[in-house]
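# Breakdown of the fold
The residues making up each chain are set out below.
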Amino acid sequence: MDLPQCHRCGRAVLVPLSDFGPRGASLEYKVWACINPTCGFTIRIDKGVVIYGRKIGDPRYRLDET
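Residues numbered from 1 in each chain as written. Predicted model: local features only at pLDDT ≥ 70, side-chain atom pairs only at ≥ 80, totals over all residues. Heavy atoms only, no water.

## Things to note about the nonpolar core
In terms of nonpolar packing, the biggest core is built from six residues, these being Cys6, Ala12, Leu14, Cys34, Cys39 and Phe41. In this structure, Cys34 is in contact with Cys6, Cys9, Ala12, Val13, Leu14, Cys39, Gly40 and Phe41, ignoring residues within four places of it in sequence. (Core = buried A, V, L, I, M, F, W, Y, C linked by side-chain atoms within 4.5 Å. Buried < 20%, exposed > 50% of the residue type's maximum accessible area, 1.4 Å probe, protein only. Contact = heavy atoms within 4.5 Å.)

As structure tokens, this is what we get:
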């Protein structure tokens, strides 16, 4: 799989992360995250809305809110 380059930092790639919904359903590619720890850019889908720009570790960013 060719991974997309992070457009924020331009030095790393975005990797897909999967999760499970509240009823155990698999959610493939729920989040794409930059692997550069100083960047931490993410793109995610939350209830049909695309959210981007939050850094992993941001208290407003919780993967368990599906």
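## Regarding the packing of aromatic side chains
A full pass over the atoms with the stated rule returns one aromatic pair. Relative to Trp32, the ring of Tyr29 lies with its centre 5.7 Å away and its plane at 40 degrees, an arrangement referred to as tilted. On the accessibility criterion, Tyr29 (37% relative accessible area) is partly exposed. Overall, Trp32 belongs to the partly exposed group, its relative accessible area being 23%. (Phe/Tyr/Trp six-rings, centres within 6.5 Å; stacked < 30°, edge-to-face > 60°.)

## Some thoughts on the environment of Ile35
For Ile35, the location among the structural elements is in the loop between strand E2 (26-34) and strand E3 (42-46). Aside from chain neighbours lying at most four places away, what touches Ile35 is Ala12, Val13 and Val15. (Helix = DSSP H or I, 4+ residues; strand = E, 2+ residues; numbered from the N terminus.)

## Brief notes about a nonpolar patch on the surface
Together, Ile43, Ile45, Val50 and Tyr52 make up an exposed nonpolar region whose accessible area comes to about 400 Å². Elements with a minimum of two residues in the nonpolar patch: E3 and strand E4 (49-52). Structurally, Tyr52 can be placed in strand E4. Look at Tyr52 and you get exposed, because its relative accessible area is 59%. (Patch = residues over 30% accessible without salt bridge, like charges linked within 9 Å, V, L, I, M, F, W, Y side chains within 5 Å. Areas by Shrake-Rupley, 256 points an atom, 1.4 Å probe, with all protein chains shown as cover. Salt bridge = Lys/Arg side-chain N within 4 Å of Asp/Glu carboxyl O.)

## Details of the pairing of E2
Pairing between strand E1 (residues 14-20) and E2: six bridges, direction antiparallel. Paired with Val15 across the strands is Ala33, a residue of E2. Connecting E1 to the antiparallel partner E2 that follows it, the hairpin turn spans five residues, and Gly24 within it adopts a positive phi of roughly 90 degrees. (Pairing = 2+ DSSP bridges.)

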